[in-house]
Structures are given as structure tokens and as C-alpha cells.
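# Report on the structure
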Amino acid sequence: MSDAPEILDSHVHQWDPRTTPREATLAVKLFGWNPRLLDFVVRLAMPKPLVDFVGRGEYALNAYLPDDLRADLGRQLDRLVGVVHVQAGWKGKRHLDVVGETRWLESIDPGGDTIRGIVGAAHLEAPDLPDVLDEHQRASRRFRGVRDMIAAHPSESIVDWEREPGLLRKAAWRDGYALLGKRGLTFDAWMYHHQLREFAELARSVSETKVVLVHLGTPIALAGPFGGFGETAAERARITDEWKEAVSDFACIPHARFKIGGLLMPIVGFGTEQRKQPMSKQEFVDRVGPLLEWAIESIGIERCMFGSNFPMDKVSIDYPTLVSGLDALLANRTDEDKAKFFADNARDFYGIDD
């Protein structure tokens, strides 16, 4: 495997609910000694849309640290040159407390052997945003940018991730988005596909802020029923057409980049999380492959970067199978294209030096 391209995974979440402040920290501390009881309590206490989004609680409730990630790579481990951690639900009483996640990441990987870049949390509309960004940068030289989640949906069956309704439309939030570009920081944009056009207007008007679309816009129920959507083949075809149109429109923004991954979250509708056996390489190529090939061809591989979304996508596929499937999809590409996709484009976007 020595001739296989290096992997700089642009989208990984590291966490430990036992020792750091997360949504599930109290439940994990109280019931973590009994995994079945913990899962029962969490499913009982958490909103159903959130439970459905996660699929299986074990991947969100258990710690996921650099050693866990490296173990997940299995036979692909020798290709790994690092990952970019993306904010993962750190809780705090004050806005400034979100910097605790960056400090924690420094403590679990002080040498940067695995975590090469950090995308932290920040509330873009907050008056103290400059102070929070300052503290992130003081906490780690690996801090590269922000993800402030704006994924929201009018249906009660689909979980909302934005802190308050209509963040994208708030002038203060838009000012904060522009401030990232002035600071030389990036923005990881995560939303559902029906929100892409509205966000694209902002991204076009603020070309100084480097932006990457996460999870290809998360098309809800494109591949199968979820939350009352995508119940028929005709409806799923309509969702697919709408998603492709929205992604194509976003691709017209010259400075936009795209993370290829995240389509195996339960919300997309493949349904693999409901099975005992994860998706095989051939199933990945057959079912997910056409979507990814369309995206890469439409966007251009020079603007696409691999992002595993582990451990969230682990509910559907294991890491070696995911990478092997992508290798198969890119088999006819040049070595230069493969190197760009798996590592070089992420290096360039996040300014990560070897």
C-alpha cells in the first residue's frame, strides 16, 4: 500500500463525554458502567429527532480519541498523515468556554501527531467574537477556523442544530462571518440542502472568507425514508434533483471548497445503521458511488477533499471499507488527482504544512 496516496482526513470529531462537557456527559457518568442501560436512558431522555439522527448511540456516547481513530483505520493506517478536528458539541456557560475544546485537543495530542488542524466553535453573532477567536489562536497554533452550525429544518421530525432560529439572516452573524476572512480564518459550512441557496448569497458576497461545504449539504432522505420524508421513489428523485441543483449553484462560487463525506449519516436515508453488518465496499461503490462521482465531476476534484466524518459515519461503514471504496471510485484518476483529493486540497485550504 506504499504507493497509495496519503490521507489527511479533513473532517473528524474527537470527544470524551466522561471527562469533557458534552450533552451526554451526565448520563455517561451516571450510567456508563452499563452500556445497555445508558443507551436506554439516552433514548428516553433525548429528543427523538436527535436519536434518529445519530442512529446508534454507542458512537456518540463512547470516547473517540486519537488512538481510537488510528485503530479504526486498520490496514489504511500507514497512509494517515493526520486529521482536521471539527467542533463537536463542547458545552459551556459562557461563549468564551467553547475555547476549552481547543485547549483540550492540545492536551490529548500535544505534539500534533494526529490532529493537524482544529476547526473550533464560535458564535459568529456574539459581541465578544473577536475575543473568542483570539483565545482559540492563543490556545493552539493549529487553530484554523470555525464551524457555527446552521443546519435547520421546519419539520419537528428533523433535528435543528442552529442555536437559535434564523442565524443566517442576522446582520451580526453575517458580520462575524466576514470577520473570519479578515482574520485569515476558514468557515466550515454545515446546513441541510434546502438552505444552500440562501447561504450561497452570503458566501458570494464575502469572497475573503474561505468556505468549505460540509457533507455536501446533507440531502435529507435522498437515499431512503427518514423523518417522514423520501417515502416514495418519486419523492426521492425530486430530492435528488433539488440537491444536485443546489450543489451545482454553490459550485459556481469560485472560492468555495467541498468535503466529500458525511452522506452515510442516517438522515440521508441509506438505512445501513439499522443493520448488524456495515456497508460493504461493493455496496458503497454501487449505492453511494454515483452520488460522489457526480459531485466530484460537477465540482472538479481540485476543489474536493476527503472527510470521513468519523465516528458519526461509523454507524454505517468501517474506515478501511470507506477508503477502499473511494480508491475504487478514483481508480482511473491520475496520481496527482488522488493526492489532491485525499490530502493536498485539505492542506491547501487549512494551511497545514508538513
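Please read these numbers as outputs of a predicted model, since none were measured by experiment.

### Digging into the side chain of His11
Relative to the assigned elements, His11 resides in strand S1 (residues 7–12). For His11, a relative accessible area of 0% translates into the label buried. Polar contacts involving the side chain of His11 include one to the side chain of His13, which spans 3.5 Å. Here the side chain of His11 touches Lys259 through a polar contact of 3.1 Å, side chain to side chain.

### Observations regarding the layout of surface pockets
Space inside the largest pocket adds up to approximately 1,200 Å³. The wall of the largest pocket is formed by 49 residues, among which Glu23, Gly89, Lys91, Met149 and Trp161 lie closest to the centre. The biggest single contributor to the lining of the largest pocket is helix H3 (residues 48–54), with five residues. Of the residues belonging to the lining of the largest pocket, the class tally is 25 nonpolar, 10 polar and 14 charged.

### Digging into the sheet that holds strand S2 (residues 80–86)
Here eight strands make up an open sheet; going across it, the order is S1-S2-S3-S4-S5-S6-S7-S8 and the pairing parallel. The sheet is open, and its two borders are formed by S1 and strand S8 (304–306), each paired with just one other strand. Averaged over all neighbouring strand pairs, the angle between strand axes comes to 30 degrees, with direction disregarded. The pairing of S2 with strand S3 (residues 115–120) spans four bridges and is parallel. Across the sheet, residue Val84 finds its bridge partner in S3, namely Gly117.

### Some details on the nonpolar core
Counting residues in each nonpolar core, the largest one holds 105 residues, and the members touching the most others are Trp173, Tyr177, Phe187, Phe199, Phe284 and Phe341. Top contributing element to this core by residue count: helix H11 (residues 281–299), with eight residues. With 11 residues, the next largest nonpolar core counts Val119, Ala343, Phe349 and Tyr350 among its residues.

### Considering empty space enclosed by the protein
All told, the structure shown has one cavity of 30 Å³ or more when counted by the stated rule. In this structure, the largest cavity occupies an estimated 90 Å³ of space. Forming the walls of the largest cavity are 13 residues, and the residues nearest its centre are Gly261, Gly262, Phe284, Leu292 and Leu322. Of all the elements in the fold, those that place two or more residues in the lining of the largest cavity are H11 and helix H12 (319–329). For the lining of the largest cavity, the leading source of residues is H11, giving three residues.

### What to know about the environment of His193
By secondary structure assignment, the location of His193 is in the loop between strand S5 (186–189) and helix H9 (196–205). Given the relative accessible area of 9%, His193 is considered buried. For the pair His193 and Val98, spaced 95 residues apart in sequence, the C-alpha separation works out to 27 Å. Setting aside residues no more than four positions away along its own chain, His193 makes contact with Gly217, Thr218, Pro219, Ile220, Ile239, Glu242, Trp243 and Ala246.

### Notes on helix H7 (residues 129–139)
When H7 is considered as a whole, its buried residues turn out to be Leu129, Val132, Leu133 and His136. Projected down its long axis, H7 shows its buried positions confined to an angular sector of 100 degrees, all on one face. For H7, the secondary structure elements touched by its buried residues are helix H6 (99–108), S3, strand S4 (143–146) and helix H8 (171–182).

### Here's the deal with the pattern of salt bridges
Throughout the structure, instances matching the rule amount to 27 salt bridges. A salt bridge links Arg94 to Asp97; the shortest N-O distance between them is 2.9 Å. Judged by relative accessible area, which is 22%, Asp97 ranks as partly exposed. Here Glu135 makes a salt bridge to Arg138, at a shortest N to O gap of 2.4 Å. Highlighted residues: Glu135 and Arg138, both in helix H7, separated by three residues, approximately one helical turn. Arg138 sits in the exposed class, given a relative accessible area of 60%. Through salt bridges that share partners, Arg197, Arg204, Glu245 and Asp249 make up one connected network.

### Comments concerning the environment of Pro35
Mapped onto the elements, Pro35 comes out in helix H2 (residues 35–45). Expressed as a C-alpha distance, the spacing of Pro35 and Ala151, which sit 116 residues apart in the sequence, is 30 Å.

Calculation rules
- Residues numbered from 1 in each chain as written.
- Predicted model: local features only at pLDDT ≥ 70, side-chain atom pairs only at ≥ 80, totals over all residues.
- Heavy atoms only, no water.
- Helix = DSSP H or I, 4+ residues; strand = E, 2+ residues; numbered from the N terminus.
- Buried < 20%, exposed > 50% of the residue type's maximum accessible area, 1.4 Å probe, protein only.
- Polar contact = N/O pair within 3.5 Å; in protein donor to acceptor, adjacent residues only side chain to side chain.
- 1 Å grid on protein atoms, 1.4 Å probe; cavity = no way out; pocket = protein on both sides within 12 Å on 5 of 7 lines; lining within 4 Å.
- Points joined across faces, edges and corners; volume = space filled by probe spheres on them.
- Nonpolar A, V, L, I, M, F, W, Y, C, P; charged D, E, K, R; others polar.
- Pairing = 2+ DSSP bridges.
- Axes fitted to C-alpha atoms, helices over the stretch in contact; angles between N-to-C directions.
- Core = buried A, V, L, I, M, F, W, Y, C linked by side-chain atoms within 4.5 Å.
- Contact = heavy atoms within 4.5 Å.
- Arc of directions from axis to C-beta.
- Salt bridge = Lys/Arg side-chain N within 4 Å of Asp/Glu carboxyl O.

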